[in-house]
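Structural description and commentary
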Amino acid sequence: MTEQTQRVFSGVQPTGNLHLGNYLGAIKRFVEMQDSYECIYCVVDMHAITVWQDPQELSRNTREVTAAYIAAGIKPDEHIIFNQSQVPQHAELAWIFNCVARMGWLNRMTQFKDKAGKNAENSSVGLYAYPNLMAADILAYRATHVPVGEDQKQHLELARDIAQKFNNDFSKSIKQAGFKDGFFPQPEPLILGEATRVMSLKDGSKKMSKSDPSDLSRLNLLDDAETIARKVKKARTDPDALPSEPKGLDGRPEAANLVSIYAALSDQTTADVLNEYGGQQFSVFKPALVDLAVEKLGPMGAEMKRLMDDKTYIDGVLAKGGEQARAIAEPIMDNVKRIVGFIRAK
Ligand code: TRP
């Protein structure tokens, strides 16, 4: 690539019930990247509708994610926060990528297989093509770095393959347009480290999920202090005391999960936490975790609620972010059209 800004792009789907897993696994990392990169954080409403969403809920959930971004510490005056559908270049580039990506590539996507299950025939075409839209999200800004959880790694690899195939398929035209080393960069995954896979409070082998029928399985970002305390107290554990070293957590998924949540919320390693709590019973550790979770999540939830009540502000942030995002994506998409051979009005 020719010299390029180091640009971060990532997105969260507005499908409701934001929980601790979304915060520790994604949003908290987004916050940390603001000092080192130019960041674009998207609320991916077009991804959300790959499965049916109630329109009113979709709007509400879009504002919820936006409020979470801001309450967690993403600064809308320094970085870009917007909802995907306000920038038409995502859909435009996704169409081109539908024509670059191969059926065989998409057939390998494990998330589609998991989500569609036996019901593939009845899934939306959008759910199947979703990884192409995700590639378009990233590459419409020629973003270089993408913070994602483990479950999105395969989609990011697909985005790299699409970028490369586009660069190859159109290499002559890309050179003619004045780009010496290909048009799209290879976006790098920033795979999120320790404690980013937050597991269910009821089953340490399952991911914390908004779709788990039991609300006790997760800490929602909008839970109040009392609810947080109740859920942590009811969280599944085992009868043993905490070990003094991380290796002692092997084969103890529930204990490992609670310790890693504590570590992530307090910005320590699990080793640090076990240094302090090794040898202690859950009757000691759980109240400490409640205090920490209430201290960290309480103010954030309250701020989210305050922001969600201020629709004018939230919608204003999204509108301004959308405008800034379009200003970056438009000239890139203009070049893509020229490279592909589409005739455009001057
Ligand atoms: N697919 C991602 C998820 O479900 C969300 C997403 C959409 C995304 N577009 C993206 C993440 C682009 C990173 C970059 O979590």
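Throughout, residues of each chain are indexed from 1 in the direction in which the sequence is written. It should be noted that, the model being predicted, local features are given only for residues of pLDDT at least 70 and side-chain atom pairs only at 80 or more, the latter also being counted only at that level, while totals for whole chains, interfaces and linings use all residues. Excluded from the side-chain calculations are hydrogens and water; all other atoms, namely the structure's heavy atoms, are used.

**Quick notes on the domain arrangement of the chain**
In plain terms, the rule: Note that domain bounds follow an automatic or database assignment of domains. Throughout, the accessible surface (probe 1.4 Å) given up by two parts as they are put together, summed over both, is called the buried area. A carboxyl oxygen of Asp or Glu within 4 Å of a side-chain nitrogen of Lys or Arg is what we treat as a salt bridge. Polar contacts, as counted here, are pairs of nitrogen or oxygen atoms within 3.5 Å of one another; within protein the pair requires one atom able to donate a hydrogen and one able to accept it, and residues that are adjacent in sequence qualify only if both atoms are side-chain atoms. A run of H or I in DSSP becomes a helix once it reaches four residues, and a run of E becomes a strand once it reaches two; helices and strands are each numbered from the N terminus.
Segmenting the chain into domains produces domain 1 (7–196 + 311–340) and domain 2 (215–306). Averaged C-alpha coordinates put domain 1 and domain 2 at centres separated by 31 Å. With both sides pooled, the region where domain 1 packs onto domain 2 buries about 1400 Å², and carbon together with sulfur makes up 71% of that total. Where domain 1 packs against domain 2, one counts 1 salt bridge. Asp 267 is the salt-bridge partner of Lys 28, the closest N and O atoms lying 2.7 Å from each other. Counting across the domain 1 and domain 2 interface gives 4 residue pairs in polar contact (both at pLDDT 80 or more). Elements with a contribution of two residues or more to the side of domain 1 that touches domain 2: α1 (20–32) and α3 (55–72). Take the side of domain 1 that touches domain 2: its biggest share by element is 6 residues, from α3.

**Considering empty space enclosed by the protein**
Space left empty within the atom packing is revealed by a probe, the size of a water molecule, rolled over the atoms. Quick reminder of the rule: In this analysis, the protein atoms alone were mapped onto a 1 Å grid. Cavities are point sets where a 1.4 Å probe fits without being able to get out; pockets are open sets with protein on both sides within 12 Å along at least five of seven lines; lining residues have an atom within 4 Å of a point. Grid points are joined across faces, edges and corners, and a volume is the space filled by probe spheres set on the points. Under the grouping applied here, Gly and all other residues not named as nonpolar or charged are polar, the nonpolar ones being Ala, Val, Leu, Ile, Met, Phe, Trp, Tyr, Cys and Pro and the charged ones Asp, Glu, Lys and Arg.
For the coordinates displayed, the defined rule picks out 1 cavity of 30 Å³ or more. As a volume, the largest cavity reaches approximately 40 Å³. Along the walls of the largest cavity sit Gln 111, Phe 112, Lys 115, Leu 127, Tyr 130, Pro 131 and His 155, which together make up its complete lining. Among the elements of the structure, α6 (110–116) and α7 (125–139) are those that each provide at least two residues to the lining of the largest cavity. The class makeup of the residues in the lining of the largest cavity is 4 nonpolar, 2 polar and 1 charged.

**Overview of the packing of helix α4 (residues 89–100) against helix α14 (residues 311–340)**
Threshold: Where helices are involved, their axes are fitted lines through C-alpha atoms of the stretch in contact, as for all axes, and angles between N-to-C directions lie from 0 to 180°. Angles are sorted into four bins: roughly parallel if under 35 degrees, roughly antiparallel if over 145, roughly perpendicular if 65 to 115, and oblique for all others. A clockwise turn of the near helix away from the far one marks a right-handed crossing, whereas an anticlockwise turn of less than a right angle marks a left-handed crossing. Any two residues having at least one pair of non-hydrogen atoms within 4.5 Å are treated as being in contact.
The interhelical angle for the contact between α4 and α14, taken along N-to-C directions, is 25 degrees, at an axis separation of 10 Å. The pairing of α4 with α14 is recorded here as roughly parallel in orientation. For the element pair α4 and α14, the recorded crossing hand is left-handed. Between α4, through Gln 89, Glu 92, Leu 93 and Ile 96, and α14, the contact on the second element is made entirely by Arg 326, Ala 329, Glu 330, Met 333, Val 336, Lys 337 and Val 340. Considering only residue class, the contact of α4 with α14 consists of 6 nonpolar, 1 polar and 4 charged.

**As for helix α10 (residues 225–234)**
Turn by turn, an α-helix covers 3.6 residues, leaving residues three or four places apart pointing in a common direction. Our working rule: The cut-offs for exposure are 20% and 50% of the maximum accessible area for each residue type, with area from a 1.4 Å probe on protein chains only; residues under the lower value are buried, those over the upper are exposed, and the others partly exposed.
Thr 227, Ile 228, Ala 229, Lys 231 and Val 232 are the residues of α10 that are buried. The elements touched by buried residues of α10 are α13 (282–309).

**Describing the site of the ligand**
We apply this condition: Residue proximity to a molecule or strand is established when one non-hydrogen atom of the residue lies within 4 Å of it. Here, Shrake-Rupley sampling with a 1.4 Å probe gives the accessible areas, and only protein chains in the shown set may cover a residue.
The environment of the ligand is made up of 13 residues, and the closest members are Gln 13, Tyr 130, Met 134, Asp 137 and Gln 152. Note that a nitrogen atom of the ligand is positioned 2.6 Å from one of the side-chain N or O atoms of Tyr 130. Isolated, the ligand exposes 360 Å² of accessible area, and the fraction of that covered by the protein chains is 89%. Only β1 (7–12), α7 and β4 (145–148) provide two or more residues apiece to the shell around the ligand. It is α7 that contributes the most residues to the shell around the ligand, 4 residues altogether. Among the residues making up the shell around the ligand, the classes are represented as 7 nonpolar, 5 polar and 1 charged.

**Description of the layout of surface pockets**
Reported here for the largest pocket is a volume of approximately 1400 Å³. Around the largest pocket, the lining comprises 48 residues; the ones closest to its centre are Asn 22, Gln 111, Asp 151, Gln 152 and Lys 207. Contributing elements (two or more residues each) for the lining of the largest pocket: β1, α1, α2 (45–48), α6, α7, β4 and α8 (153–169). Residues of the lining of the largest pocket, tallied by class, amount to 18 nonpolar, 21 polar and 9 charged. Of the volumes computed, that of the second largest pocket is approximately 170 Å³.

**Re the environment of Glu 150**
With respect to the element layout, Glu 150 can be found in the loop between β4 and α8. It is 9.4 Å that separates the C-alpha atoms of Glu 150 and Gly 25, two residues lying 125 residues apart in sequence.

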